[in-house]
Amino acid sequence: MKNLQAHKRDDIQWNGYDMEELRYQRAYTLAKLEIQKEKLTGGFKQIYDSSAGIMGNGIMKKMISGLSYFDYAILAFRLGKRVYKMFRK
């Protein structure tokens, strides 16, 4: 497989990537995306599992049951902002 190094600016004859390089970049990007999704899912599951056993039914369950739709919207916005910053890199 070809090395995907950045091409020099003085190379005027560059005609772009070939199909093999594009497929490689696409697969690489999708793999990175999948890894980040797994990290997020694993982190949330770990937080939920660790807090479920605290004080009877769990503090997390009591907090979630007391949230309004507005609170959910704020949490979704904050989470979306963090995910956006993570994928922007």
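This one's a predicted model, so the numbers in the text were calculated from it and none came from an experiment. Within every chain, residues take consecutive numbers counted from 1 along the sequence as written. Where local features are concerned, this predicted model is filtered to residues with pLDDT of at least 70; where side-chain atom pairs are given and counted, the filter is 80 or more; whole-chain, interface and lining totals use all residues. The basis for the side-chain values is all heavy atoms of the structure; hydrogens and waters are excluded.

Description of the overall build of the protein chain
Next up, step 1: Only runs of H or I of at least four residues qualify as helices and only runs of E of at least two qualify as strands under DSSP, and these elements are numbered from the N terminus. The secondary structure content of the protein chain amounts to three helices and zero strands.
Next up, step 2: Secondary structure elements of the protein chain occur, N-terminal to C-terminal, as α-α-α.
Next up, step 3: Only protein chains enter the calculation, and the probe is 1.4 Å; a residue is then buried if its accessible area is under 20% of its type maximum, exposed if over 50%, and partly exposed in between. Counting only residues that meet the buried cut, the protein chain has 3% of its 89 residues in that class.
Next up, step 4: Note on areas: these come from Shrake-Rupley sampling with a 1.4 Å probe, and a residue is covered only by the protein chains present in the view. Total accessible area on the protein chain is roughly 8,500 Å²; 60% of this is exposed by carbon and sulfur atoms.

Points about a positive patch on the surface
Next up, step 1: Only residues whose relative accessible area exceeds 30% and that take part in no salt bridge are eligible for patches, with like-charged residues grouped when within 9 Å of each other and nonpolar side chains (Val, Leu, Ile, Met, Phe, Trp, Tyr) grouped when within 5 Å. A pair is scored as a salt bridge if a Lys or Arg side-chain nitrogen falls within 4 Å of a carboxyl oxygen belonging to Asp or Glu. Lys and Arg are tallied as positive, Asp and Glu as negative. Neither His nor the chain termini are counted. For the purpose of locating charges, the reference atoms are NZ of Lys, CZ of Arg, CG of Asp and CD of Glu. On the surface, Arg78, Lys81, Arg82, Lys85 and Arg88 cluster together into a positively charged patch.
Next up, step 2: Tracing the backbone through its elements, the reader meets arginine 78 in helix H3 (residues 69-88).

Here's the deal with the packing of aromatic side chains
Next up, step 1: Two rings belonging to Phe, Tyr or Trp (six-membered ring only in the last case) form a pair when the distance between their centres is within 6.5 Å. Interplanar angles under 30 degrees mark stacking, angles over 60 mark edge-to-face geometry, and anything in between is tilted. All chains considered together, the criterion is met by one aromatic pair.
Next up, step 2: Ring geometry for tyrosine 24 against tyrosine 28: centres 6.2 Å apart, planes inclined by 15°, an arrangement best described as stacked. Residue tyrosine 24 and its partner tyrosine 28 are located together in helix H1 (residues 19-52), separated by four residues, close to a single helical turn.
Next up, step 3: With relative accessibility at 37%, the residue tyrosine 24 sits in the partly exposed group.

Brief notes about the confidence of the model for the protein chain
Next up, step 1: pLDDT gives the predictor's per-residue confidence on a scale running from 0 to 100. Summing up the model confidence of the protein chain, the mean pLDDT is 76 and the portion of residues at 70 or higher is 65%.
Next up, step 2: No element of the protein chain has a lower mean pLDDT than helix H2 (residues 59-65), which averages 65, and none a higher one than H3, which averages 85.

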